[in-house]
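Close look at the chain arrangement
Here is what each chain is made of, one letter per residue.
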Amino acid sequence: MASLSFKHIYKKYPGGVTAVSDFCLEVKDKEFIIFVGPSGCGKTTTLRMIAGLEEITEGELFIGDKLVNEIAPKDRDIAMVFQNYALYPHMTVFDNMAFGLKLRKVPKEQIKRRVEEAARILDITHLLDRRPKALSGGQKQRVALGRAIVREPKVFLLDEPLSNLDAKLRASMRTELTKIHKRLGTTFIYVTHDQVEAMTMATRIVVMKDGIIQQVDTPQDLYDKPVNTFVAGFIGTPQMNFINSTLVKKGDGVYLEFNGHSVKLPDEKAKAPELQEYIGKDVIAGVRPECLHDEQRYLDMFPDAIIEMSVDVTELMGAEIYLYLTSGSEDDDNLTNLIARVSARSTTRAGDTVKIAMDVSRVHIFDKDTEKCIIH
């Protein structure tokens with residue numbers, strides 16, 4: 001198995017376009033690392049540099065203790081699973097999975113053993129005699145994975161492998177991939193723009209924007225302690241609410257003021273040394289939808305953090321309801337839009353004016369200029 005080490009990797013294209021900039025990362029053996037970010041952020045380019053399909057402009061890439069910058073893709077001991085599966089239509093499933101091993105002159109008995117073992121792991125033994133056109137999207141995906149598994153590589157590279165599947169199948173394949181990773185005990189590097197995939201499968205997530213790493217952390221820490229507004233807004237569904245506010249000191253308390261509302265911060269946040277220089281200044285407050293409540297018990301719990309808002313739309317999601325809230329007038333620049341994630345038992349309806357309690361213990365404060373997090 002293998003660890004990977006990225007040392008100041010750059011990818012520059014002719015014309016001065018820098019796709020990946022100063023990429024530094026240590027991937028431990030057997031980790032499930034996911035690169036996530038919007039389209040064009042450099043995640044697939046980074047994956048292709050690992051595979052050897054893109055040249056590294058600057059920096060060093062090690063797989064294990066071996067520098068691989070100049071090593072051909074076939075000699076890197078990696079296997080890549082593509083978004084479009086890339087199966088040979090004229091070959092059976094067995095032959096598709098065995099093809100790479102035949103090229104490497106692996107003995108026939110060993111090929112048979114490896115293909116049958118991979119088919120058993122992926123539950124596609126009954127499909128080995130079929131051709132790709134007779135397979136569903138999920139079955140094709142399993143065959144593409146099987147073709148990678150039989151090679152027994154040190155590193156698996158997966159480029160948005162679930163993006164062509166429907167929502168139900170994508171959810172079940174996420175579970176399957178996690179099980180396969182544990183069973184194989186191999187290093188997985190996975191690219192996606194879907195943060196749900198990242199949150200559910202990764203041991204660590206690399207969040208990228210414009211070719212630059214924003215944060216590398218566990219899914220829970222990314223969610224709870226985002227380093228900036230980009231990470232905070234990218235991770236989480238619905239995304240974090242951002243409120244342009246002013247920090248104001250009144251008596252012994254510190255308040256967030258916006259749109260005529262005044263929300264008192266808890267003492268441990270108010271007294272945080274890093275917050276003191278922002279008193280009297282504009283900041284961005286970040287609050288997750290599940291931290292906004294319309295139930296009476298929360299109104300009693302946070303009496304100094306109640307805001308009155310209009311309900312524009314309600315969305316019943318089954319186990320919960322999303323409330324789309326506004327405060328202020330469209331005629332001024334201080335219109336505040338928030339999304340609250342409340343209990344399915346909520347009686348709040350579109351058109352209502354509702355009191356919302358903010359769980360201020362979980363409010364994040366960001367610097368308005370740098371967008372970096374001041375306190376969590």
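Residues numbered from 1 in each chain as written. Predicted model: local features only at pLDDT ≥ 70, side-chain atom pairs only at ≥ 80, totals over all residues. Heavy atoms only, no water.

**A look at the layout of surface pockets**
When its volume is computed, the largest pocket comes out at roughly 490 Å³. Lining the largest pocket are 18 residues; nearest its centre among them are A79, M80, F82, R147 and R151. For the lining of the largest pocket, the secondary-structure elements that each account for two or more residues are β6 (78-81), α2 (93-103) and α4 (137-149). (1 Å grid on protein atoms, 1.4 Å probe; cavity = no way out; pocket = protein on both sides within 12 Å on 5 of 7 lines; lining within 4 Å. Points joined across faces, edges and corners; volume = space filled by probe spheres on them. Helix = DSSP H or I, 4+ residues; strand = E, 2+ residues; numbered from the N terminus.)

**What to know about the packing of α2 against α4**
The interhelical angle for the contact between α2 and α4, taken along N-to-C directions, is 30 degrees, at an axis separation of 8 Å. Of the two elements, α2 crosses α4, and the hand of that crossing is right-handed. In contact with V93, N96 and M97 of α2, α4 contributes V143, G146 and R147. Of the residues belonging to the contact of α2 with α4, the class tally is three nonpolar, two polar and one charged. (Axes fitted to C-alpha atoms, helices over the stretch in contact; angles between N-to-C directions. Left-handed = near helix turned anticlockwise from the far one by under 90°. Contact = heavy atoms within 4.5 Å. Nonpolar A, V, L, I, M, F, W, Y, C, P; charged D, E, K, R; others polar.)

**Thoughts on the sheet that holds strand β18 (residues 336-343)**
Strands sit in the order β15-β19-β16-β17-β18 across an open sheet of five strands; the sheet is antiparallel. One side of each edge strand has no neighbouring strand; the edge strands of this open sheet are β15 (292-293) and β18. When strand β16 (residues 306-316) meets strand β17 (residues 320-327), the two strands line up antiparallel, connected through six bridges. In the sheet register, V313 faces β17, and the bridge partner there is Y324. (Pairing = 2+ DSSP bridges.)

**Side note on the pairing of strand β10 (residues 212-217)**
Strand direction decides the pairing type here: strand β9 (residues 204-209) and β10, joined by five bridges, are antiparallel. Within β10, the residue paired with M208 across the bridge is I213. Taken together, β9 and the strand that follows it, β10, pair antiparallel across an intervening segment of two residues, in which D210 is found at a positive phi of about 55 degrees.

**Side note on the side chain of K11**
Looking at where K11 falls in the secondary structure, it is placed in strand β1 (residues 4-13). With a relative accessible area of 8%, K11 lands in the buried category. Those residues in contact with K11 that lie beyond four places of it in its chain are V17, T18, A19, V20, T45, M49, E54, E55 and T57. (Buried < 20%, exposed > 50% of the residue type's maximum accessible area, 1.4 Å probe, protein only.)

**Here's the deal with the confidence of the model for the protein chain**
Per-chain confidence: the protein chain averages 91 in pLDDT, with 98% of residues scoring 70 or above. Taken element by element, the protein chain is modelled with least confidence in helix α5 (residues 167-184), mean pLDDT 85, and with most confidence in β10, mean pLDDT 97. (pLDDT = per-residue confidence, 0-100.)

**Structural notes on the pairing of β6**
Of the two faces of β6, both are covered, the one formed by I78 and M80 as well as the one formed by A79 and V81. Note that β6 and strand β7 (residues 155-159) share four bridges and pair parallel. Of the residues in β7, the one forming a bridge with A79 is F156.

**As for α4**
Taking 1.5 Å per residue, 13 residues should reach 18 Å; α4 reaches 18 Å between its end C-alpha atoms and fits that length. Most of α4 sits inside the fold, with 10 of its 13 residues counted as buried. Listed in full, the buried residues belonging to α4 are G138, Q141, R142, V143, A144, L145, G146, R147, A148 and I149. Taken together, the buried residues of α4 touch β6, α2, α3 (108-122), β7 and α5. (Expected span 1.5 Å × (residues − 1).)

**Considering unusual backbone geometry**
Cis peptide bonds are those with omega within 30 degrees of zero, and the linkage from T237 to P238 qualifies with -10 degrees. If you trace the backbone, P238 turns up in the loop between α8 (229-234) and β11 (241-250). Even without a glycine there, the phi angle at E160 is positive, about 45 degrees. Residue E160 is classed as buried on the basis of its relative accessible area, which comes to 11%.

**Here we look at the sheet that holds strand β4 (residues 58-63)**
An order of β2-β1-β4-β5 is seen for the four strands of this open sheet, with the pairing classed as antiparallel. Bordering the open sheet on either side are β2 (17-27) and β5 (66-67), each of which pairs with just one other strand. In terms of strand pairing, β4 meets β5 through two bridges, oriented antiparallel. Each bridged residue has a counterpart across the sheet, and for I63 the counterpart in β5 is K66. Across the sheet, helix α1 (residues 43-51) touches β1, β2 and β4, and the angle it forms with β1 is around 115 degrees.

**Details of the pattern of salt bridges**
In this structure the tally under the stated criterion is 16 salt bridges. We note a salt bridge from K102 to D95, for which the minimum N-O separation is 3.3 Å. Judged by relative accessible area, K102 falls into the partly exposed class, the value being 42%. A salt bridge links E290 to R362; its shortest N-O distance comes to 3.9 Å. Linking E290 in the loop between β14 (282-287) and β15 with R362 in the loop between β19 (353-358) and β20 (364-367), this pair joins segments that are 72 residues apart in sequence. Under the relative-accessibility criterion, E290 is labelled buried at 17%. Because the salt bridges share partners, they merge into one network encompassing E290, E320, R341 and R362. (Salt bridge = Lys/Arg side-chain N within 4 Å of Asp/Glu carboxyl O.)

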